Each structure stands twice: as structure tokens, then as C-alpha cells.
Amino acid sequence: RNPIPTYPEPLRQAGIAGRVLAEFVVDSTGRVRPGSVLVVESSHPQFEASVKRTVPSLRFAPARVRGAKVAQRVRMPFEFEVSR
């Protein structure tokens, strides 16, 4: 039930697909740690901006080590595909 990044309308209308690879830290509560979002790879700045706006509101099951919830660095791809 996490939100998905918004497809930038000018890129959708132009039929431009793309990809963003983001890296961030998920804390022990399952939330993205503020200021931890890093774009590793991006095919277009508008896709990158959309991902950066969305990632902070994502929620995850936190990682566990020996039963204790811990922070974990996550690398996640976001694909933008044009519907035909």
C-alpha cells in the first residue's frame, strides 16, 4: 500500500520511459531515515525528482538481527513505463 512515484506528465506525453535506482536507510521502525535518500542512477532528472518526493513516505518491515529490529541500507529500482 505504499505510494508510487508520479509519472512526470511531460515525459508521459512524449512517450519517454525511464528508471531510477535509489538508495536509502530504513530505520528500525520501518521508515526511511530523513536525509538518507541517494539517487545512484537516473535516466532523467524529472524521474529522479518524482522518486525523491515519494521515497520518504514509503514504509517497510524493518530488518532484524537476532530478533532485534535494526536499520538497513536499501537499494531500490523504480521503473517508469509508458502505457500504450
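In what follows, the structure referred to is the one given above.
Source: prediction; values computed, not measured. (Residues numbered from 1 in each chain as written. Predicted model: local features only at pLDDT ≥ 70, side-chain atom pairs only at ≥ 80, totals over all residues. Heavy atoms only, no water.)

**Student:** Explain the packing of aromatic side chains to me, and be specific about the residues and the numbers.
**Tutor:** Considering all chains together, one arrives at 4 aromatic pairs under this definition. Relative to Phe 80, the ring of Phe 47 has its centre 4.3 Å away and its plane inclined at 25°; by these criteria the two rings are stacked. Of this pair, Phe 47 sits in helix α2 (residues 45–54) while Phe 80 sits in strand β5 (residues 72–80), placing them 33 residues apart in sequence. The buried category is assigned to Phe 80, whose relative accessible area is 4%. Grouping aromatic residues by their ring pairs yields a cluster made of Tyr 7, Phe 47 and Phe 80. (Phe/Tyr/Trp six-rings, centres within 6.5 Å; stacked < 30°, edge-to-face > 60°. Helix = DSSP H or I, 4+ residues; strand = E, 2+ residues; numbered from the N terminus. Buried < 20%, exposed > 50% of the residue type's maximum accessible area, 1.4 Å probe, protein only.)

**Student:** Please give an account of the pattern of salt bridges that cites residues and values.
**Tutor:** Evaluated as defined, the whole model comprises 6 salt bridges. The residue Glu 9 makes a salt bridge to Arg 12 at a minimum N-O spacing of 3.6 Å. Of this pair, Glu 9 and Arg 12 are both found in helix α1 (residues 9–13), 3 residues apart, which corresponds to roughly one turn of the helix. A relative accessible area of 39% means that Glu 9 is categorised as partly exposed. Ionic pairing is found between Glu 79 and Arg 19, a salt bridge with its closest N-O pair at 2.8 Å. Of this pair, Glu 79 sits in strand β5 while Arg 19 sits in strand β1 (residues 18–26), placing them 60 residues apart in sequence. Judged by relative accessible area, Arg 19 falls into the partly exposed class, the value being 29%. When salt bridges with common partners are traced through the structure, they connect Arg 19, Glu 41 and Glu 79 into a single cluster. (Salt bridge = Lys/Arg side-chain N within 4 Å of Asp/Glu carboxyl O.)

**Student:** So, the sheet that holds strand β2 (residues 38–42): which residues are in play, and what are the values?
**Tutor:** Read from one edge to the other, the open sheet built from 3 strands follows the order β2-β1-β5, with strand pairing classed as antiparallel. Only two strands of the sheet have a single neighbouring strand rather than two, namely β2 and β5. If you compare each strand with its neighbour and ignore which way they point, the axes differ by 20° on average. Bridge count for β1 against β5 is 9 bridges, and the pairing is antiparallel. (Pairing = 2+ DSSP bridges. Axes fitted to C-alpha atoms, helices over the stretch in contact; angles between N-to-C directions.)

**Student:** Describe unusual backbone geometry, naming the residues involved and giving the relevant values.
**Tutor:** Unlike most non-glycine residues, Arg 66 shows phi in positive territory, near 50°. For Arg 66, the position within the fold is in the loop between β3 (63–65) and β4 (68–70). Residue Arg 66 is classed as exposed on the basis of its relative accessible area of 85%.

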